Structure formats: C-alpha cells, structure tokens
Amino acid sequence: MKTERKQRNLVISGIGSSGGGDFQTAKIDGVGRVEGDIRCEHFVLNGRLDVHGSLTAERADLKGTATVDGSVQVKRVALAGRVKIGGSAAGENMEVNGSLLLRGNCEAETFTAEGRVNAELLSADRIQLTLHGPSVITELGGEQIVVRKQAGIDFAKWLQKLPLPVGNRLTAKVIEGDDINLECTTADIVRGATVRIGPGCEIGMVEYTTKLDQDPRAKVNRAEQITR
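As a convention, each chain's residues are numbered from 1 in the sequence order in which they are written. Owing to the predicted nature of the model, reporting of local features is limited to residues with pLDDT of at least 70; listing and counting of side-chain atom pairs is limited to 80 or more, with chain, interface and lining totals taken over all residues. In computing side-chain values, all of the structure's heavy atoms are included and hydrogens and water are not.

A contiguous patch of negative charge, built from Glu92, Glu109, Asp125, Glu143, Asp178 and Asp179, is present on the exposed surface. Sorting the residues of the negative patch by element identifies strand 7 (106-131) and strand 9 (169-182) as the ones contributing at least two each. Residue placement: aspartate 178 occurs in strand 9. Each residue's exposure class comes from its accessible area (1.4 Å probe, protein chains only) as a fraction of the maximum for that residue type: buried when under 20%, exposed when over 50%, partly exposed otherwise. According to the relative accessible area criterion, aspartate 178 is partly exposed, its value standing at 46%. Residues qualify for a patch when their relative accessible area is over 30% and they have no salt bridge, like charges being joined within 9 Å and the nonpolar side chains of Val, Leu, Ile, Met, Phe, Trp and Tyr within 5 Å. Using the Shrake-Rupley algorithm and a 1.4 Å probe, accessible areas are obtained, with residue cover drawn only from the displayed protein chains. One side-chain nitrogen of Lys or Arg within 4 Å of one carboxyl oxygen of Asp or Glu is enough to make a salt bridge. Here the positive residues are Lys and Arg and the negative ones are Asp and Glu; neither His nor the chain ends is included. Every charge is mapped onto a representative atom, which is NZ of Lys, CZ of Arg, CG of Asp or CD of Glu. In DSSP terms, a helix is any run of H or I states spanning at least four residues, a strand is any run of E spanning at least two, and both are numbered starting from the N terminus.

In this structure the tally under the stated criterion is nine salt bridges. A salt bridge links arginine 191 to glutamate 207; the nearest nitrogen and oxygen atoms lie 3.0 Å apart. A residue pair is termed long-range when its members are at least 10 positions apart, and arginine 191 in strand 10 (residues 185-197) and glutamate 207 in strand 11 (residues 202-214) qualify at 16 residues. With relative accessibility at 28%, the residue arginine 191 sits in the partly exposed group. Owing to a relative accessible area of 22%, glutamate 207 belongs among the partly exposed residues under this scheme. Of the charged contacts, one joins glutamate 224 and arginine 222 as a salt bridge, the two residues approaching to 3.3 Å between their closest N and O atoms. Through salt bridges with shared partners, one network takes in Glu176, Arg191 and Glu207.

Such coordinate-based values are descriptive only and should not be taken to indicate function.
Structure (structure tokens):
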C-alpha cells in the first residue's frame, strides 16, 4: 500500500485511504477510501473508491466502481463502470457507460449514457440514453431527449460485469422537452413540440404543440395537441 501527497496531488496505489482536501490531481489506482470532501482539477479512478464526502473537479475520468456519499460537481465526466451518489450531480458534459445511481438530481448541458440511470430529476439541453437494464428517472427535462434500446445488444461491455436486473426500460413520471424521441419507455406524461413515441412505449398522456408520431407497437392512452 502506498498513499502520498506531492505537490498538491493525492495518489493512492494498491489499497489505501486518505483525508479529503484541495489537490491539483487526485488519482486512485486500486482500492481507496477518502474521509472528507475532495476538491481538485483532475480526478482519476481506476478501481474502487468510497468517498465519505463530496467531489468537486474540473474533469473526472472514472473506470470501476465508486460511491460518493455527498454531491458531485464536475464540469466534464467520463464514467465507465458503476457510480452511486448520495446527493445530486451537476456538470457541463457527462458521458456514462455503465450505471449511474443518484438519490438526488442530475443537471448538465449534455448528458449521454449507455446503461442504467436512476435519478429524481435529469435535466440537460441534450439527453441521449441508450438503455441497458432498467432506468428509473422521476422527471426528465431538456431541449432534445432521445431514449432508445441498443439494437441487437442486451448489455454494454461494462454491464456484463455488473449484477444488474434485466429489462431494458425507462420508467418516468414526466418527460418534457422540445424534441422528444422515445423507445421502451413507460411514462405518465410526455410534453413536447415534436414527439415520437416509438416501439415498446406505454404512455399515459401526450401533449404536443407541433407533431406527434406514434409507432403502432406503442401504447398511448390519450394524446392532445396544445394550441398556443
């Protein structure tokens, strides 16, 4: 085990632990635990990490499994693996390949995910979610929202190694945006300007202002064009 701080850097190699603080780079290669908040320019994980606090960074590259008890605020996130966040997450660009589970909200400018996402609210200008396993998001909001099932592939590379329940489906209460394209989605209400309800969808109510395109394999209980 080796744990060291050099020139405002935090490095954990092998198995180790550290207190939180301010760092230029925080890098974990192996299995680590951090007691307290982490604030850094660049956060790198290759392995497994438990953070008993919050994480703030300009950039984060995560490969493996991480649990953050508090909130996460990172401008650019690249995740390959599984991350559980006890609070909320915020950033500019978030790329997820695996599993992102939040107790709170997730806000970004661009959010792209292949895998599984759980959150109270997912809000971004552009949302693209490719389903591998069940996702539960109470409310989605954005300018462009695309939810689809990966054609011909049931599980992404990282998800093959994770103990996830089966069933590629998004369950939501409210989905609201300008341009919405959905597949394999169950939702109470969908509101948008241009709305496409694709195969595998079960929607309670669709409210649209410009256009509605419904696949014959989708179920919509009620649809109404709103005139402004």
